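Residue strings, one per chain:
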Amino acid sequence: MACSSVDIVYEQCFVQLPESIRANLQPTAASLTGFAGESSLPIGLLSLNIELFDENDANLVRQAQLDFNVMRTFSRYNMLLDRSALGKFGIVPSTIHGMVKFTTRKGVATISSASVIPIYAAVNVKNAVQESADDADNMVVVNSEYPDQKIKVGLNISADSKKQIVQLLMEYMDPVVQKRRGMAPDRTKWLCDEVTKLVAAVLVKKPDGSWRMCIDFKDLNKACPKDNYPLPEIDLKVESLHAFPYKCFLDAGYHQIPMTREDADKTAFHTGKGIFSYIMMPFGLINAGATYQRLIDTAFETQNWAQPRGFCG
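Quick caveat, the model's predicted, so the values are computed rather than measured. (Residues numbered from 1 in each chain as written. Predicted model: local features only at pLDDT ≥ 70, side-chain atom pairs only at ≥ 80, totals over all residues. Heavy atoms only, no water.)

## A look at the overall build of the protein
Part 1 of the argument: Within the protein one finds 10 helices and 16 strands.
Part 2 of the argument: Looking at the protein as a whole, 27% of its 313 residues qualify as buried.
Part 3 of the argument: Long-range pairs, those at least 24 residues apart, make up 56% of the contacts in the protein with a sequence separation of at least 6.
Part 4 of the argument: When the accessible surface of the protein is summed, it comes to about 21900 Å², and 56% of that surface belongs to carbon and sulfur atoms. (Helix = DSSP H or I, 4+ residues; strand = E, 2+ residues; numbered from the N terminus. Buried < 20%, exposed > 50% of the residue type's maximum accessible area, 1.4 Å probe, protein only. Contact = heavy atoms within 4.5 Å. Areas by Shrake-Rupley, 256 points an atom, 1.4 Å probe, with all protein chains shown as cover.)

## What to know about the side chain of Asp 7
Part 1 of the argument: Positionally, Asp 7 belongs in the loop between β1 (3-4) and β2 (8-10).
Part 2 of the argument: Within the buried core, Asp 7 has no salt-bridge partner, and the shortest N-O distance to an opposite charge, that of Lys 88, equals 6.0 Å.
Part 3 of the argument: Polar contacts involving the side chain of Asp 7 include one to the main-chain amide nitrogen of Asp 82, which spans 2.8 Å.
Part 4 of the argument: Residue contacts for Asp 7: discarding those within four places in its chain leaves Leu 66, Asp 67, Phe 68, Asn 69, Leu 80, Leu 81, Asp 82 and Ala 85. (Lys, Arg positive; Asp, Glu negative; His and termini not counted. Salt bridge = Lys/Arg side-chain N within 4 Å of Asp/Glu carboxyl O. Polar contact = N/O pair within 3.5 Å; in protein donor to acceptor, adjacent residues only side chain to side chain.)

## Quick notes on the environment of His 255
Part 1 of the argument: Relative to the elements of secondary structure, His 255 occurs in the loop between α8 (234-239) and α9 (261-264).
Part 2 of the argument: Of the residues examined, His 255 reaches a relative accessible area of 35% and is grouped as partly exposed.
Part 3 of the argument: Each C-alpha atom of the pair His 255 and Tyr 292 lies 9.9 Å from the other, and the pair is 37 residues apart in sequence.

## Observations regarding the nonpolar core
One recurring pattern in soluble globular proteins: nonpolar side chains tend to sit buried together.
Part 1 of the argument: In terms of nonpolar packing, the biggest core is built from 21 residues, with Ile 50, Leu 66, Phe 68, Phe 89 and Ile 91 touching the most fellow members.
Part 2 of the argument: Within the residue set of this core, elements represented by two or more residues are α1 (11-14), β5 (44-53), β6 (61-71), α3 (83-89) and β9 (99-104).
Part 3 of the argument: In terms of nonpolar packing, the next biggest core, distinct from the first, is built from 15 residues, Met 259, Phe 276, Tyr 278 and Ile 296 among them. (Core = buried A, V, L, I, M, F, W, Y, C linked by side-chain atoms within 4.5 Å.)

## Section: the pattern of salt bridges
Part 1 of the argument: Inspection of the entire model under this criterion finds 4 salt bridges.
Part 2 of the argument: Measuring nitrogen to oxygen at the nearest pair gives 3.0 Å for the salt bridge that ties Asp 227 to Arg 294. Of this pair, Asp 227 sits in the loop between α7 (218-223) and α8 while Arg 294 sits in helix α10 (residues 288-299), and the two are 67 residues apart along the sequence.
Part 3 of the argument: Looking at Asp 227, the relative accessible area reads 22%, which means it is partly exposed.
Part 4 of the argument: Using a relative accessible area of 33% as the deciding quantity, one classes Arg 294 as partly exposed.

## Considering a nonpolar patch on the surface
Part 1 of the argument: Together, Ile 151, Ile 165 and Leu 169 line one region of the surface with nonpolar side chains, adding up to about 200 Å² of accessible area.
Part 2 of the argument: With respect to the helices and strands, the residue Leu 169 is situated in helix α5 (residues 159-171). (Patch = residues over 30% accessible without salt bridge, like charges linked within 9 Å, V, L, I, M, F, W, Y side chains within 5 Å.)

## Observations regarding the sheet that holds β9
Part 1 of the argument: Spatial strand order, β8-β9-β10: 3 strands in an open sheet with antiparallel pairing. Looking at the sheet topology across the chains shown, the edges are occupied by β8 (92-94) and β10 (107-112). Averaged over neighbouring strand pairs, the angle between their axes works out to 20° when direction is ignored.
Part 2 of the argument: Bridge count between β9 and β10: 6 bridges; the pairing is antiparallel. Paired with Thr 103 across the bridge in β10 is Val 108. (Pairing = 2+ DSSP bridges. Axes fitted to C-alpha atoms, helices over the stretch in contact; angles between N-to-C directions.)

## Quick word on α10
Helical periodicity: at 3.6 residues per turn, an α-helix aligns residues three or four positions apart in one direction.
Part 1 of the argument: Taking 1.5 Å as the rise per residue, α10 with 12 residues should run 16 Å; its terminal C-alpha atoms sit 17 Å apart, in good agreement.
Part 2 of the argument: Every buried residue belonging to α10 is among Ala 288, Gly 289, Ala 290, Tyr 292, Gln 293 and Ile 296, and all of these are buried. (Expected span 1.5 Å × (residues − 1).)

## Remarks on the environment of Pro 27
Part 1 of the argument: Tracing the chain through its elements places Pro 27 in the loop between α2 (19-22) and β3 (32-33).
Part 2 of the argument: Pro 27 gets classed as exposed once you look at its relative accessible area, which sits at 70%.
Part 3 of the argument: Linking Pro 27 and Asn 69, residues 42 residues apart in sequence, is a C-alpha distance of 9.9 Å.

## Describing the pairing of β5
Part 1 of the argument: Going residue by residue along β5, you find Gly 44, Leu 46, Leu 48, Ile 50 and Leu 52 tucked away on one face and Leu 45, Ser 47, Asn 49, Glu 51 and Phe 53 left uncovered on the opposite face.
Part 2 of the argument: In terms of strand pairing, β5 meets β6 through 10 bridges, oriented antiparallel. Within the sheet, the bridge partner assigned to Ser 47 lies in β6 and is Asp 67.

## Brief notes about the pairing of β6
Part 1 of the argument: In terms of strand pairing, β2 meets β6 through 3 bridges, oriented parallel. Along β6, the bridge assignment pairs Val 9 with Val 70.

The values reported here are purely geometric and, on their own, carry no functional implication.
Given below as structure tokens:
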């Protein structure tokens, strides 16, 4: 037994269920995203009445109705229960001991892990190729000036919904353009010497071999008071989305928050082409996370819990 963000039954288990149960499979258009970012479309949704009982005493039993996504994906497990399911059963797991305990009306039940039996699944190459083609068809260009920069619109979304999502992204496209600051030679040298003491731009190689520019804000952060605005539990925020068919992740939120004029100069850094500073809030500042979270909370303060989830990750 493992834990995920949704309840899952894998196909190798589903096909062994009685026909009367398999006939209750309902269609779904919502895809699931794995830890590696891959998207998979469930075969369907299946509601099952799950019964757990003590390994040594069948009288210690507990039942719950769960809705499972049936997945055509290789796994050594037959099913996965999400955290809400564990809550319904009152399960307390222990990875170290390889067991779970849960309360019943007649006492505490225990289930220990058995030896793992390897499960082998054949890979359907044709289906894998088709999924890759579908992914390519769902890559769209939002900014025509940068045709190589594409975004992926989720699989199995209707043509109308896809069109509306792309139009929305294009409507709120707001690129940030920075210009070089011109200065006299004597001032440039003095400023470079001063900025060197505060911040410096360095290049860090990414896993794919390309470079990322990083700014050292350590001294600046030491001089800034800490904003202790409370940040949410990201795991709880993400898990609360499991029941929604559509999810949109915006990774450019930081660069939409303007810096005040007096603070922008404090983010200055120098390169071989001159001195620059951020006019939009960059990563690395001590209070960037708190500032972003406060903005998101303010923007959505009139929304109820069933609506947008905002967090900085």
